[in-house]
Structures are given as C-alpha cells and as structure tokens.
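# Analysis of the macromolecular model
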Amino acid sequence: MYGDYKVLLEQLKFILCSENIKIDESMKKYTTFKLGGACDIMIFPSSEEELIESIKCIIKNKTPYFVLGRGSNLLVKDKGIRGVVVNLTKLNRVSIEKNIIRAESGANLSNVSIIAKDNSLCGFSFACGIPGTIGGAVNMNAGAYGGEMSQVVIGVKVIDLNGEVFYIPREEIEFGYRTTTVMERKYIVIRCDISLEYGNKEEIHDEMKDLMHKRKMKQPIEYPSAGSTFKRPEGYFAGKLIEDCGFRGYIHKNVMVSEKHCGFIVTRNENATASEVLELIDIVKNRVYDKFNVMLDTEVRIIGED
Ligand SMILES: Cc1cc2nc3c(=O)[nH]c(=O)nc-3n(C[C@H](O)[C@H](O)[C@H](O)COP(=O)(O)OP(=O)(O)OC[C@H]3O[C@@H](n4cnc5c(N)ncnc54)[C@H](O)[C@@H]3O)c2cc1C
C-alpha cells in the first residue's frame, strides 16, 4: 500500500508536519457512529495554505480524496477508505467583525454558536446542538428547529475539483433540503462567512439551553449514531413511518432502531459493524415501502468499501 502512495507522501511531507500525516488510520475514531475500517492516509491541514497546497498535491497525484469534518453524518463501511481523508478539524479558527462571523471549515457548530451568543448575536442558536463542523453544515445545509445554514451564510471560500480557489457569494449558492451547490459541485469549504442580527444575550442563552434540552429529551445522544438516518420524505416524517411499522427499539444483531427516536439507527455495543447498520437500513426501507409505498432515502452519507 505504501508503495502506491510513496511519491504523494514525500510531497505531502513538504506541506504538512509529520504528526499531521497518519497512515492506515481507523475511521472509528473519527465518526460519531464509531464505525468503519481504516483509511489509507489521513491528513490534518491546520491553515488555509496547508489545505490548498495539500489538495493541489493530491489532485496532481491523481489520488482519490474525501473531506472529513467531525464525521457526524457518515457511515464508513467496514473495509475503510482508499486514498486520502482530509480531516479539517484542525482548521478551526473563528473571527468576528461586528455582526459577521468568519469561521474556518473545521470550526465546531457549537463553538460558533457560543461565540455568537457571547457577542449578543442571534440567529445561530439552531446549530448549538448539531455535532458537526461549519464545512459539513454548509455542505448539506444542516438545520434544526426552524433554522438552517441558508438563513445565515453570506459567502463561502471554496476549492473546486481542479484545485482552483474562489469565493462564492450567497446569491450564487443554491440551498435545498439537506443539499447545496457546494455538495453538488463537490467543492471543499475552506471558510464560511455568516451574518447575524444583534439580540439580547440572555434570551439567546435561554434559547440555546431550551434547544439543548429538547434534543436531550428526544434524541438518543447517549448512543453512537450519525443523527437522523433518513431524510424527511415529502409529506411524511421518517421516524413516524418507521414507528408505524413496529420498529421502535427493533434490534438487528449489534445495532437497533432507537427506542427514543425511531428516525435514528444506533449501535448497541462495540461489536457493531457498518454492514449491520446497512442491513438494518435495508430492512427498514423495505418494510416502510411495502406498508406505505414511500421509499426512504438516507440522510447519512455512506462511503468506503465493503
Ligand atoms: C446526535 C446527532 C444529532 C444531529 N442533529 C442534526 C440536526 O439537528 N440537523 C442536521 O442537519 N444534522 C444533524 N446531525 C448530522 C450532522 O451533525 C450534520 O449533518 C453536520 O452538518 C455534519 O457535519 P460534519 O462536520 O460532522 O460532517 P461529516 O460527517 O464529517 O461529513 C458529512 C459530509 O460533508 C462533507 N464535508 C465535511 N466538511 C466539508 C467541507 N469543509 N467542505 C465540503 N464538504 C465537507 C463530507 O465530505 C461529507 O460528505 C446530527 C448528528 C448526530 C450524531
């Protein structure tokens, strides 16, 4: 394996320090599902320049790559990922100028929401309990409790598939339900600019506390998962359809449909595998289709090799 990547690794060592290049790294450590085989190479760029140079180098070497935030919307298959995983969690600086927050792609949504609150800026509380990064959230237009990224983003600095770097203003980004132009065009988010309104710090604090409480009551955050497994089908709620098929708490090997929220598939113990999650996804999809004639589509991104 190392032979295949020898040239690339030599070149990456000129861009990144050696502790930011890992070989054969298990994806279990980097996903909230705590599942998945190893990736061949994982790199951790910690500045915009390091990210841009690394991506250019990877493209030049024609090596496949995958961009990783906090792995909170991912199901990585058991044989792992070939090529390079570009882990952006070290690219996480956040700055603020008046009501504009400029966040690097690897910044935690929870940190950004706390910074917004500390500066009396409202409109970002919806993101306080989403366990992902700014980049991951922009990519799929993450949202909760009536808020979503489309409402606050004013522009995004990206890299395209050719390694070109440019800035896209809000007007040129199409946001849909859990989809964006960024996702469709496979751009890498380097940085995102967010515009918020001024508000009352205490009210923002209370709103965040309330949303965190709702999450704790309704979501199985005590078990490994990747959030809602399925997208909301038009006119329905995935969790309700699954519940009405009798799946609440349904166990399949080491994984299960959550008892607390039927829209979440969770793991039951450390022996769980990605294949078991995929099997359960199929069982649920087939039963829901047979009973309600609704085909569920996964919200969780499924990547890697079986
Ligand atoms: C308990 C729990 C609750 C959740 N609640 C919600 C919720 O309320 N609302 C919601 O929308 N989601 C929710 N999620 C799902 C998830 O947290 C979000 O989708 C989040 O935005 C994913 O961000 P991430 O950094 O973890 O992305 P990852 O899971 O690492 O990646 C997801 C996708 O985004 C891409 N990506 C990541 N970073 C970048 C980047 N910089 N540029 C381009 N593409 C990138 C990846 O390549 C991948 O395709 C929840 C998950 C969990 C585990």
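## Section: the packing of helix α1 (residues 6-15) against helix α2 (residues 48-60)
Here α1 crosses α2 at 165 degrees, and the two axes come no closer than 10 Å. The orientation of α1 relative to α2 falls into the category roughly antiparallel. Between α1 and α2 lies a crossing whose hand is right-handed. For the pair formed by α1 and α2, the contact residues are Leu 8, Gln 11, Leu 12 and Ile 15 on the first element and Glu 50, Glu 53, Ser 54, Cys 57, Ile 58 and Lys 60 on the second.

## Overview of a negative patch on the surface
Together, Glu 202, Glu 203, Asp 206 and Glu 207 make up a negatively charged patch on the protein surface. Here Glu 207 shows up in helix α6 (residues 201-218).

## Description of the packing of aromatic side chains
All told, the structure shown has four aromatic pairs when counted by the stated rule. Seen from their ring centres, Phe 166 and Tyr 187 are 5.4 Å apart, and the 90 degrees between their planes marks the pair as edge-to-face. Residue Phe 166 is found in strand β12 (residues 165-169), and its partner Tyr 187 is found in the loop between α5 (181-184) and β15 (188-195); the two are separated by 21 residues along the sequence. The exposure class of Tyr 187 is buried, given its relative accessible area of 13%. The lysine or arginine in question, Lys 90, covers the ring of Phe 44, its NZ or CZ lying 5.2 Å from the ring centre. Above the plane of the ring of Tyr 177 lies Arg 232, whose end atom (NZ or CZ) is 4.8 Å from the centre.

## Concerning the domain arrangement of the chain
Assigned domains of the chain: these are domain 1 (3-87), domain 2 (94-218) and domain 3 (238-303). Each of domain 1 and domain 2 has a C-alpha centre, and these two points are 24 Å apart. Every contact between the two is made by twelve residues of domain 1 and, on the other side, 16 residues of domain 2. Each partner contributes to the roughly 1,200 Å² buried at the junction of domain 1 and domain 2, and carbon and sulfur atoms together form 66% of this total. At the surface where domain 1 touches domain 2, the tally comes to one salt bridge. The salt bridge partner of Lys 157 is Glu 48, with a shortest N-O separation of 2.7 Å. If you look at where domain 1 meets domain 2, you find three residue pairs in polar contact (both at pLDDT 80 or more). Of all the elements in the fold, those that place two or more residues in the side of domain 1 that touches domain 2 are α2 and β3 (65-68). It is α2 that provides the largest number of residues to the side of domain 1 that touches domain 2, a total of six residues. Here the residues of the side of domain 1 that touches domain 2 sort into six nonpolar, three polar and three charged.

The rules we used
- Residues numbered from 1 in each chain as written.
- Predicted model: local features only at pLDDT ≥ 70, side-chain atom pairs only at ≥ 80, totals over all residues.
- Heavy atoms only, no water.
- Axes fitted to C-alpha atoms, helices over the stretch in contact; angles between N-to-C directions.
- Helix = DSSP H or I, 4+ residues; strand = E, 2+ residues; numbered from the N terminus.
- Parallel < 35°, antiparallel > 145°, perpendicular 65-115°, else oblique.
- Left-handed = near helix turned anticlockwise from the far one by under 90°.
- Contact = heavy atoms within 4.5 Å.
- Patch = residues over 30% accessible without salt bridge, like charges linked within 9 Å, V, L, I, M, F, W, Y side chains within 5 Å.
- Areas by Shrake-Rupley, 256 points an atom, 1.4 Å probe, with all protein chains shown as cover.
- Salt bridge = Lys/Arg side-chain N within 4 Å of Asp/Glu carboxyl O.
- Lys, Arg positive; Asp, Glu negative; His and termini not counted.
- Charge placed at Lys NZ, Arg CZ, Asp CG, Glu CD.
- Phe/Tyr/Trp six-rings, centres within 6.5 Å; stacked < 30°, edge-to-face > 60°.
- Buried < 20%, exposed > 50% of the residue type's maximum accessible area, 1.4 Å probe, protein only.
- Lys NZ or Arg CZ within 6 Å of the ring centre and 35° of its normal.
- Domains from an automatic or database assignment.
- Buried area = accessible area lost by both parts, 1.4 Å probe.
- Polar contact = N/O pair within 3.5 Å; in protein donor to acceptor, adjacent residues only side chain to side chain.
- Nonpolar A, V, L, I, M, F, W, Y, C, P; charged D, E, K, R; others polar.

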